[in-house]
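Observations on the three-dimensional arrangement
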Amino acid sequence: MTPAGSYDAIVVGGGHNGLVAALYLARAGWSVAVLERNAAVGGAIAGGEATLPGFVHDLYSINQNLFLGSRTYADFASGLARHGLRFRTTDRPYANVFPDGLSLRVHSDYERTLGHLAAHSTGDAEGFAGLYRQYKRFTPYLFGLYGSAVPSGAAVRQVLSLLRHRGVRGAGELTH
């Protein structure tokens, strides 16, 4: 803390965006206070016991994988791990449970997921297979963009690569 409780910056909100801002400001030598109204920081990256004791759910942060590919994670991964950040994973990341007890599960194994969907609905399985083909086509460009500042030369190179390999029509397909 600086003299008389003053700070170079006060970040209002201890969600992931506020925490990222505070990290970069502190790394630049600023004294930073983070103010959060909730009992814990983290915002949309929080987990908790929502059903049974000891069974931790990802409450909001379904896309932590985007953070893992980010510049912020590259810049601060070792320090975050030193302070306790860890990611929990499962081979069954998603499920929809219906009132009658039926559930549809997505597994990290594509074929297993496709089999479960096909047992429920051929149309759902076909739709999932189509989405997966699109995902595979566009993954290199999407993750390249996710890891690039906008605007930046790196982002422009990613878009140009997309246009060169997929054309304007293919790039348009990505936006639908």
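So, here is what we can say about the structure in this document. For clarity, every value in this text was computed on a predicted model and none was experimentally measured.

About the thresholds
Residues numbered from 1 in each chain as written. Predicted model: local features only at pLDDT ≥ 70, side-chain atom pairs only at ≥ 80, totals over all residues. Heavy atoms only, no water. Helix = DSSP H or I, 4+ residues; strand = E, 2+ residues; numbered from the N terminus. Buried < 20%, exposed > 50% of the residue type's maximum accessible area, 1.4 Å probe, protein only. Polar contact = N/O pair within 3.5 Å; in protein donor to acceptor, adjacent residues only side chain to side chain. Pairing = 2+ DSSP bridges. Right-handed = clockwise from strand over helix to strand, strands pointing away. Salt bridge = Lys/Arg side-chain N within 4 Å of Asp/Glu carboxyl O. Phe/Tyr/Trp six-rings, centres within 6.5 Å; stacked < 30°, edge-to-face > 60°. Axes fitted to C-alpha atoms, helices over the stretch in contact; angles between N-to-C directions. Parallel < 35°, antiparallel > 145°, perpendicular 65-115°, else oblique. Contact = heavy atoms within 4.5 Å. Bend = angle between axes of the 7 residues up to and from the residue.

We now examine the side chain of Ser70. With respect to the element layout, Ser70 can be found in the loop between helix 2 (64-68) and helix 3 (71-82). The class of Ser70 is buried, set by a relative accessible area of 16%. Here the side chain of Ser70 touches Phe67 through a polar contact of 2.7 Å, landing on its backbone oxygen.

What follows is about the pairing of strand 1 (residues 9-12). Of the two faces of strand 1, only one is covered, namely that formed by Ala9 and Val11; the face formed by Ile10 and Val12 stays uncovered. Bridge analysis of strand 1 against strand 2 (residues 32-35) gives four bridges, and the strand direction is parallel. Its bridge partner being in strand 2, Val12 is matched across the sheet by Leu35. A crossover connection joins strand 1 to the parallel strand 2 through helix 1 (residues 16-27); in handedness this β-α-β unit is right-handed.

Attention now moves to the pattern of salt bridges. Across all of its chains, the model carries five salt bridges by this definition. One salt bridge connects Arg71 with Asp75, and the closest N-O pair in it is separated by 2.9 Å. With Arg71 and Asp75 both in helix 3, this residue pair falls four residues apart, about one helical turn. When its relative accessible area of 57% is taken as the criterion, Arg71 is described as exposed. Here Arg112 and Asp91 are joined by a salt bridge, their closest N and O atoms 3.9 Å apart. With Arg112 in helix 4 (residues 110-120) and Asp91 in the loop between helix 3 and strand 5 (94-97), the pair connects residues that are 21 residues apart, well separated along the chain. Assessed through its relative accessible area of 37%, Asp91 is described here as partly exposed. The network of salt bridges with shared partners includes Arg27, Arg71 and Asp75.

All chains considered together, the criterion is met by five aromatic pairs. With centroids separated by 5.8 Å and ring planes inclined at 20 degrees, the aromatic side chains of Tyr110 and Phe128 adopt a geometry described as stacked. One end of the pair, Tyr110, is in helix 4; the other, Phe128, is in helix 5 (residues 122-146), and 18 residues separate them in sequence. On the accessibility criterion, Tyr110 (22% relative accessible area) is partly exposed. On the basis of relative accessible area, Phe128 is assigned to the partly exposed category, the value being 22%.

Across the junction of Val150 and Pro151, the peptide omega takes the value -5 degrees, indicating a cis bond. With respect to the helices, strands and loops of the structure, Pro151 is situated in the loop between helix 5 and helix 6 (153-175).

Another aspect to go through is the packing of helix 4 against helix 5. Between helix 4 and helix 5, whose axes approach to 6 Å, the crossing angle comes to 150 degrees. Of the possible angle classes, the one that applies to helix 4 and helix 5 is roughly antiparallel. Where helix 4 abuts helix 5, its residues Tyr110, Thr113, Leu114, Leu117, Ala118 and His120 lie against Thr122, Asp124, Ala125, Phe128, Ala129 and Tyr132.

Further remarks concern helix 5. In the structure, helix 5 departs most strongly from a straight axis at Phe138, where the bend amounts to approximately 55 degrees and where the proline Pro140 lies between one and four residues downstream. For helix 5, the set of buried residues is Ala125, Ala129, Phe138, Thr139, Tyr141 and Gly144. On its buried side, helix 5 packs onto helix 4 and helix 6.

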